[in-house]
Amino acid sequence: MNIPFEDMDFEILHSGSNLSIFKCNEPDLYDFLTGDALSSQTKRLSVTRLAMYNDHVVGFFTLVNDCIEAKAIEESDGEPGYLYQKYPAIKIARLATHDDYRDRDVGTNMLLKILVITLRLSGYVGCRIMTVDSKPGAVGFYQKFGFKIALRNYKDTVPMYKDYHSSLMGMCSDISQLSQFQS
Amino acid sequence: MAKPIELGLVLEGEDAREFHRYMENPSKYDTPAGRDLVRRAAYLAERTKL
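Reading the values: rules and limits
- Residues numbered from 1 in each chain as written.
- Chains lettered and ligands numbered in written order.
- Predicted model: local features only at pLDDT ≥ 70, side-chain atom pairs only at ≥ 80, totals over all residues.
- Heavy atoms only, no water.
- Helix = DSSP H or I, 4+ residues; strand = E, 2+ residues; numbered from the N terminus.
- Rg over C-alpha atoms; globule rule 2.2 N^0.38 Å.
- Buried < 20%, exposed > 50% of the residue type's maximum accessible area, 1.4 Å probe, protein only.
- Salt bridge = Lys/Arg side-chain N within 4 Å of Asp/Glu carboxyl O.
- Contact = heavy atoms within 4.5 Å.
- Buried area = accessible area lost by both parts, 1.4 Å probe.
- Polar contact = N/O pair within 3.5 Å; in protein donor to acceptor, adjacent residues only side chain to side chain.
- Nonpolar A, V, L, I, M, F, W, Y, C, P; charged D, E, K, R; others polar.
- Pairing = 2+ DSSP bridges.
- Patch = residues over 30% accessible without salt bridge, like charges linked within 9 Å, V, L, I, M, F, W, Y side chains within 5 Å.
- Areas by Shrake-Rupley, 256 points an atom, 1.4 Å probe, with all protein chains shown as cover.
- Lys, Arg positive; Asp, Glu negative; His and termini not counted.
- Charge placed at Lys NZ, Arg CZ, Asp CG, Glu CD.
- pLDDT = per-residue confidence, 0-100.

Q: Got a sec to walk through the overall build of chain B? Specific residues and values, please.
A: Counting its secondary structure elements, chain B contains two helices and one strand. Ordered by position from the N terminus, the helices and strands of chain B form the series β-α-α. For 50 residues, the compact-globule estimate of 2.2 N^0.38 gives 10 Å, and the C-alpha radius of gyration of chain B, at 16 Å, exceeds that figure by more than 25%. A principal-axis box enclosing the C-alpha atoms of chain B has dimensions of 40 × 40 × 20 Å. A buried classification covers 38% of the 50 residues belonging to chain B.

Shown next as structure tokens:
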């Protein structure tokens, strides 16, 4: 049975967080949560939130600031040229669901929470794009929500991006409605 | 120890061209699930403070 977003809580990882029941078949994700996440957070290099359901850790995600840099394209091959561009972004550096809670919408709920954070954050600092380094097995999950694969040649993770702003603009009939996310 | 978090994505050649094309009309690449997620997030973000 799916877990509704409203039934989940999200808390920032802290030294007293109980991670003992968390299980994840991706060693890198498990190792990051149990070994590196708190240290990285203490140094202000990343922030990890735990997805809680009935006081159990059912997932986690880690966010950092990021940037996409797209090199200029020349017109010499007959197509329109493009200028060198950089876009500020927020990166989903890690996202994982507890093995026993797979296929219950935990990942979707975490992505929704990330988008809420991103929308709020964008009222304070420029943040146009969402990026993620997806595990190969999770690419379909992100594609379902409109993320696009960034690199033709990748190694162990698949870089992806999504311009959430365009979806938002399609919903807001005028620019004044966007100001509701600014404080 | 887990793999370090990598920051900054540099796109060159065809990857850069694809990105530029994407940014010309991102909504063309969006999905029903993606639009629904943004709609729900916008509703929740109105009621949330950082």
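Now, onward.
Q: So what's going on with the pattern of salt bridges? Residues and values would help.
A: If you walk through the whole model with that rule in mind, you get 17 salt bridges over all chains. Taking the shortest distance from any N to any O, the salt bridge between B:E18 and A:K148 comes out at 2.9 Å. Separated into two different chains, B:E18 in helix α1 (residues 13-24) and A:K148 in strand β6 (residues 148-149) make up a pair that spans both. Looking at B:E18, the relative accessible area reads 23%, which means it is partly exposed. For A:D156, the salt bridge identified is with B:K3, shortest N-O distance 3.4 Å. Placement of the pair is A:D156 in the loop between β6 and β7 (158-162) and B:K3 in the segment before β1 (9-11), with the two residues belonging to separate chains.

Q: Explain the interface of chain B and chain A to me, and be specific about the residues and the numbers.
A: Listed by partner, the interface residues are 44 residues for chain B and 60 residues for chain A. Carbon and sulfur atoms make up 64% of the area that chain B and chain A hide from each other, which totals about 4600 Å². Remark: the boundary between chain B and chain A carries six salt bridges. Where chain B packs against chain A, one counts 21 residue pairs in polar contact (both at pLDDT 80 or more). Going through the elements one at a time, β1, α1 and α2 (32-46) of chain B are the ones with two or more residues in the side of chain B that touches chain A. For the side of chain B that touches chain A, the class distribution of residues is 22 nonpolar, seven polar and 15 charged. The pairing of strand β3 (residues 56-70) of chain A with β1(B) spans three bridges and is parallel.

Q: Mind laying out the environment of A:Q143, listing which residues take part and the relevant values?
A: Residues and elements named next belong to chain A. Locating Q143 in the fold gives a position in helix α3 (residues 139-144). Classification of Q143 as partly exposed rests on a relative accessible area of 38%. Sequence separation between Q143 and K162 is 19 residues, and the spatial gap between their C-alpha atoms is 9.4 Å.

Q: I'd love a proper account of a negative patch on the surface, names of residues and values included.
A: Together, A:E6, A:D7, A:D9, A:E11 and A:D55 give the surface a local cluster of negative charge. Its relative accessible area of 75% is what places A:D55 among the exposed residues.

Q: Account for the confidence of the model for chain B, naming residues and giving values.
A: Of the residues in chain B, 96% reach a pLDDT of 70 or more, and the chain-wide mean stands at 90. In the predicted complex, the global pTM is 0.91; the interface-specific ipTM is 0.93.

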